[in-house]
Structures are given as structure tokens and as C-alpha cells.
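Residue-level structural notes
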Amino acid sequence: MTREATLDSRQEILRAAARLFQQRGYDATSMNDVAAELKLSKGGLYHHFQSKDEILFHLMEHAMDITQERVINPVMEVDDPEARLRKLIQLHIAVVLSVREREITVMLHENHPLPPPLRKRINARKKDYVHFVEGLIADVQRARNSRGNVSPRAAAFALLGMINWIYQWYRPEGALQEEQLTKQYTEIFFAGALQ
């Protein structure tokens, strides 16, 4: 088997696992389920991944890579602090709502099952992102000479909690569309945390 075929097979397994974890939950999905979804033997699956935990870890790593590529990197290209924070809100919502990126919702929902060493690695990347958001908020507060009672850390956790929960209730066919949602969340956040 070529290296490219191995990489493609791993990606296919991760996509199938993400879909199953999202639909059924991590605990209710077995390695047999993942193998059956791909019409692979269990041995074929274990050739690529030694455990369900390893699959979940790789899904979460990929989710953090997506966050880096689709949120952090574009936000860092913006000069104005307020525009940077607005861009972060827009892009973070877009990533959470992306039907192609099931890894994001798996990461948001299934962090607890990871064994401690793997969880520690994912949590370190999550903390880096929280610090990044916290820094953006502090920059906006400084630019606005804001002396509000909301600390950048509390504001960062509030913003991320607000956005990360969207996947639980959002329906694309519903009355609230992504663009309206982004505008309203931005307005709520700027009116509340940045006064």
C-alpha cells in the first residue's frame, strides 16, 4: 500500500468516525461500527488506528488545525483590533456551523472520554485558543479605553461558550440564518462585554 493510499484511508476512517460519533455519540459507537460503515474488516481498521481513543484524538487534533487555518490565521491578518474580533466571531461561527467539519462538533461534545495524556495535549491547544481570544478582547478594550467590569478572560469564556453551544440548537432550515446569527451574536457581545 502506498503512503498516499494510507493517508487517504486514514482520512476516510476519520470522516466516517466523525459522522458516527456525531450521530450516535462516542460511547455508543464501537470500532466494529466504524469498520462496518467503511466495509472494512476490524483488522483493516486496526491497521490504521489502534483504538477508538486514538481516532477521537486525531479528530480533535484536526478540529484544532481547522480552527488555526480557518479562524486564527485569517484573524491575524486584520490590523484593527475591533475588526479582528468581529472577524473572529464570524469565522468561529462559520466553522461551528460547517456541515463538512464534523470534527468541530465532535470536539465540542466528546472531550471527556480521552485518556488523560491525550486530553492534556488537546486541552493545551484549547487553552492557547482561549488566550488568543482573551488577547483580542483586551486589545479592543484598550482601543476603546473601556473600563468595564468584564475581564478579558470572563469575556473570552462567555463568547466561546455562546458560539460553541450553537451546534446544539441551530437548524439551517430555521428562521435564523448564519449571517443574521453572526450579526446578532456580534451585537450582543459588543454591547455587553465591551461597554
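Notes on the structure follow. Remember, predicted model here, so these are calculated numbers, not experimental data.

Judged by nonpolar contacts, the single largest core of 58 residues is most densely connected at Ile 55, Leu 85, Leu 88, Ile 166 and Phe 189. Residue assignment for this core shows that the elements contributing at least two residues are helix H1 (3-24), helix H2 (31-38), helix H4 (52-76), helix H5 (81-97), helix H6 (102-109), helix H7 (116-143), helix H8 (152-164) and helix H10 (178-193). For this core, the element with the highest residue contribution is H4, accounting for eleven residues. In contact with Ile 166, not counting residues within four places along its chain, are Ile 93, Val 96, Leu 97, Leu 181 and Tyr 185.

The tally for this structure, following the rule as stated, stands at four aromatic pairs. Aromatic side chains Phe 189 and Phe 190 sit 6.3 Å apart centroid to centroid with 85° between the ring planes, which places their arrangement in the edge-to-face category. Phe 190 matches Phe 189 in its accessibility class, with the two residues each being buried. Directly above the aromatic system of Tyr 26 lies the positively charged group of Lys 52, at a separation of 4.2 Å from the ring centroid. It is Arg 86 that lies over the ring of Phe 190; its NZ or CZ is 4.2 Å from the centre.

Our focus in this paragraph is H10. The end-to-end C-alpha separation of H10 is 22 Å, in line with the 22 Å expected for 16 residues at 1.5 Å each. For H10, the complete set of buried residues consists of Leu 181, Thr 182, Tyr 185, Thr 186, Phe 189, Phe 190 and Ala 193. One face of H10 carries all of its buried residues, which in axial projection span an arc of 150°. Exposed residues on H10 whose side chains face more than 90 degrees from its buried face are Lys 183 and Glu 187. Those residues of H10 that are buried are in contact with H5, H7, H8 and helix H9 (166-169).

Moving on to the layout of surface pockets. Estimates place the volume of the largest pocket at around 400 Å³. Together, 18 residues line the largest pocket, and Gln 22, Val 96, Thr 105, Tyr 167 and Arg 171 are the ones closest to its centre. When contributions to the lining of the largest pocket are tallied by element, the ones reaching two or more residues are H1, H5, H6 and H9. At four residues, H6 tops the list of elements feeding residues into the lining of the largest pocket. What the second largest pocket holds in volume is close to 330 Å³. Together, 15 residues line the second largest pocket, and Met 107, Leu 108, Lys 126, Tyr 129 and Asn 164 are the ones closest to its centre. Elements that contribute at least two residues to the lining of the second largest pocket include exactly H4, H5, H6, H7 and H8. Considered class by class, the residues forming the lining of the second largest pocket number eleven nonpolar, three polar and one charged.

Analysis parameters
Every residue gets a number counted from 1 within its own chain, in the order that chain's sequence is written. Predicted model: local features are reported for residues with pLDDT of at least 70 only, side-chain atom pairs are reported and counted for 80 or more only, and whole-chain, interface and lining totals are derived from all residues. By convention in this description, side-chain values take in all heavy atoms of the structure and omit both hydrogens and water. We define the nonpolar core as a collection of buried residues of types Ala, Val, Leu, Ile, Met, Phe, Trp, Tyr and Cys that are connected through side-chain atoms lying within 4.5 Å of one another. The buried label goes to any residue with under 20% of its type's maximum accessible area, the exposed label to any with over 50%, and the partly exposed label to all in between, with areas taken from a 1.4 Å probe on protein chains only. A run of H or I in DSSP counts as a helix once it spans at least four residues, and a run of E counts as a strand once it spans at least two, with each numbered from the N terminus. Only heavy atoms matter for contacts: two residues are in contact if any of them lie within 4.5 Å across the pair. Only centres within 6.5 Å qualify two rings of Phe, Tyr or Trp (six-membered ring in Trp) as a pair; their planes then separate them into stacked at under 30 degrees, edge-to-face at over 60, and tilted for everything else. We count a charge as sitting over a ring when the NZ of a lysine or the CZ of an arginine lies within 6 Å of the ring centre and within 35 degrees of the ring normal. To estimate how far a helix should reach, multiply one less than its number of residues by 1.5 Å. By arc we mean the arc of the directions from the helix axis to the C-beta atoms, nothing more. Think of a 1 Å grid over the protein atoms and nothing else: a 1.4 Å probe that fits but is trapped marks a cavity, an open set flanked by protein within 12 Å on at least five of seven lines marks a pocket, and residues with an atom within 4 Å of a point count as lining. Grid points are joined across faces, edges and corners, and a volume is the space filled by probe spheres set on the points. Nonpolar residues are Ala, Val, Leu, Ile, Met, Phe, Trp, Tyr, Cys and Pro. Charged residues are Asp, Glu, Lys and Arg, and all others, Gly as well, are polar.

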